[in-house]
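Topology and contacts: notes
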Amino acid sequence: MKPGVRVLYLLRAEETHAPTHLLRAAESLHMLRAGRPADAPAREHKPQVICIHAPFDHEAQHALEAVSDLRLPVLGIGSGSMDGLTSQVSEVIPTEDLRSVLGLMASITEARESGGGCQAENAGHCQGSMVEDLVRLLEHMLCLRFADHKESSERVCDAALWIGNHLTLPPAELKDLLRASRLRDIGKLGLTHAIVFARRSERTPEEQAAYDRYPEMGARVLSELPSFRSVAEIVKYQLENFDGSGPAGLMAHQIPLGSRVLRVAAAFAGITLSGDNPQRAARDAITTLEQGRGSLFDPLLVKLVANFHQARKDVKPETATRWVRVTDLSEGMVIAEDVWSRTGMKILPSGTHITPHILRLIRQFPLDPSLESVQILK
């Protein structure tokens, strides 16, 4: 039997069997007629995930209520190009990607049942490690679909880190911002290749409307796990425009701060990722952000991104540096290398100026245990 996840599939009225690609992706699958409570065979199967076909109408809602006592995460599967947006994955998703999604959902079940398997004194760190494992799993799924996701994500995280640090965001909010930066495109897994990879000018109005809903779709997936609910809110409103012309019509400070940061950081990263000349691409990105200042982007955040770009230019490979013990870092120093946490999350990009807030951040984040000293500019 191939490794995978045990699935309980709810058959809708017109269905006689589960989708073929779901059968291939699951370790084992038990079918139950939608609307019936879980019977003895279904419980003996010990499912980890419930799956049901879209659309999510009254019938589907009734079917899920009938098995709600199982307390399992639900994965919806869409059939058409638009249907995938009202579920959590599209029927056209590759089998390996679907297997990864099922694995994520199973991890949620295991976490609920075991409480993370942590001793009380280590529960916080253990839970953080589990969440990071889920983030990495989701990132792996995105890399399977989008070849440039890793590089793009790193650039977004760098810019978001810079902004977050200069806004003196507390560690918990900074963690949520970084996770949102890494998972901002998760909703695109519910879109067809034709929609995702088409230029805006090539999409029909219906397709563009579908594309604009990917943040909402991603937020729905992320909110399945309580630890991701703050992340989900950031992801949900990432396409909102500062002047209120975005999909949800929120404007200015009605838009969550994390979403505003993600909006400008992703725009900067997206432009700098394109083109063969990095310096010219960065200049073009700053110009584009300035043109959208106050309309698309928060004016203050545009200024911080411009400062970020200038700081990264100042830290060149040949720049003179020296090593300083982490415990000896002090206000006014400039970090010349990226600093990582114990769970593999970058918490300080090179070029960061040490401030009292940064010092507090370093003390509160569990740093990479191999990190005793860091390079700073002389």
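In what follows, the accompanying structure is described. (Residues numbered from 1 in each chain as written. Predicted model: local features only at pLDDT ≥ 70, side-chain atom pairs only at ≥ 80, totals over all residues. Heavy atoms only, no water.)

Per the secondary structure count, the chain includes 15 helices and 9 strands. Across the 378 residues in the chain, those meeting the buried criterion constitute 50%. Of all intrachain contacts in the chain linking residues separated by at least 6 positions in sequence, the fraction that spans at least 24 positions is 64%. For the chain, the computed accessible surface area is about 17,700 Å², with 51% contributed by carbon and sulfur atoms. (Helix = DSSP H or I, 4+ residues; strand = E, 2+ residues; numbered from the N terminus. Buried < 20%, exposed > 50% of the residue type's maximum accessible area, 1.4 Å probe, protein only. Contact = heavy atoms within 4.5 Å. Areas by Shrake-Rupley, 256 points an atom, 1.4 Å probe, with all protein chains shown as cover.)

Here the focus is the pattern of salt bridges. Under the defined criterion, the tally for this structure stands at 11 salt bridges. Residue K150 is joined to E154 by a salt bridge in which the shortest nitrogen-to-oxygen separation is 3.6 Å. Placement of the pair is K150 and E154 together in helix α6 (residues 149-166), with a separation of 4 residues, close to one helical turn. Judged by relative accessible area, K150 falls into the exposed class, the value being 54%. Its relative accessible area of 39% is what places E154 among the partly exposed residues. Of the charged contacts, one joins E290 and R293 as a salt bridge, the two residues approaching to 3.4 Å between their closest N and O atoms. A cluster of three or more residues bridged by salt bridges with shared partners is formed by R12, E14 and E59. (Salt bridge = Lys/Arg side-chain N within 4 Å of Asp/Glu carboxyl O.)

Applying the stated criterion across every chain yields a total of 4 aromatic pairs. Each ring, one from W162 and one from F308, has its centre 5.8 Å from the other, and the planes form 55 degrees; the classification is tilted. Of this pair, W162 sits in helix α6 while F308 sits in helix α14 (residues 299-314), placing them 146 residues apart in sequence. The same class applies to W162 and to F308, which are both buried. Seen from their ring centres, Y211 and Y214 are 5.2 Å apart, and the 65 degrees between their planes marks the pair as edge-to-face. By relative accessible area, Y211 is classed as buried at 15%. Residue classification places Y214 among the buried residues on the basis of a relative accessible area of 5%. Through pairs of rings, three or more aromatic residues link up here, namely W162, F268 and F308. (Phe/Tyr/Trp six-rings, centres within 6.5 Å; stacked < 30°, edge-to-face > 60°.)

Residue position: Q208 is located in helix α9 (residues 205-212). Ignoring anything within four residues of it in the chain, the contact list for Q208 reads R200 and R203.

This paragraph deals with the environment of L296. Relative to the elements of secondary structure, L296 occurs in the loop between α13 (278-291) and α14. Residue classification places L296 among the partly exposed positions, given a relative accessible area of 33%. Each C-alpha atom, one on L296 and one on R260, is 9.5 Å from the other, the two residues being 36 residues apart in sequence. If we skip the residues at most four places from it in the chain, L296 touches E240, N241, F242 and R263.

All right, on to α6 then. Here α6 spans 26 Å end to end across 18 residues, near enough to the 26 Å set by a 1.5 Å rise per residue. Among the 18 residues of α6, 13 are classified as buried, and the element is accordingly described as predominantly covered. Where α6 ends, the next residue or the one after it, T168, has phi of about 50 degrees, a positive value. (Expected span 1.5 Å × (residues − 1).)

Bringing the side chain of E139 into the picture now. Here E139 is to be found in helix α5 (residues 123-145). Note on E139: relative accessible area 15%, which makes it buried. One polar contact links E139 to R182, side chain to side chain, over a distance of 3.0 Å. Ignoring sequence-local partners within four residues, the contact set of E139 consists of H149, S153, R182 and L183. (Polar contact = N/O pair within 3.5 Å; in protein donor to acceptor, adjacent residues only side chain to side chain.)

Those residues of α9 lying buried are Q208, A210 and Y211. Across the axial projection of α9, the buried residues extend over an arc of 160 degrees, all falling on one side. Opposite the buried face of α9, by more than 90 degrees, sit the exposed residues P205 and E206. (Arc of directions from axis to C-beta.)

Core analysis: the largest hydrophobic core is formed by 89 residues, its most contacted members being L102, L222, F228 and L329. L8, L10, I52 and V67 belong to the second largest nonpolar core, which has 14 residues in total. (Core = buried A, V, L, I, M, F, W, Y, C linked by side-chain atoms within 4.5 Å.)

Burial runs high along strand β4 (residues 74-78): 5 of the 5 residues are buried. Going residue by residue along β4, you find V74, G76 and G78 tucked away on one face and L75 and I77 tucked away on the opposite face as well. Looking at chain direction, strand β3 (residues 49-53) and β4 are connected through 4 bridges and run parallel. By the bridge assignment, I50 is partnered in β4 with V74. (Pairing = 2+ DSSP bridges.)

How two helices pack is summed up by the angle between their axes together with the distance between the axes. Running from N to C, α6 and helix α12 (residues 257-273) point in directions that differ by 135 degrees, and their axes come no closer than 8 Å. In this view, α6 runs oblique relative to α12, as classed from their interaxial angle. Considering how the two elements wind past one another, α6 and α12 form a crossing that is right-handed. Counting all contacts with α6, which are made through E151, S152, R155, V156, A159, A160 and I163, the residues of α12 involved are V261, L262, V264, A265, A266, F268, A269, T272 and L273. Each residue belonging to the contact of α6 with α12 can be placed in one class, and the counts come to 12 nonpolar, 2 polar and 2 charged. (Axes fitted to C-alpha atoms, helices over the stretch in contact; angles between N-to-C directions. Parallel < 35°, antiparallel > 145°, perpendicular 65-115°, else oblique. Left-handed = near helix turned anticlockwise from the far one by under 90°. Nonpolar A, V, L, I, M, F, W, Y, C, P; charged D, E, K, R; others polar.)

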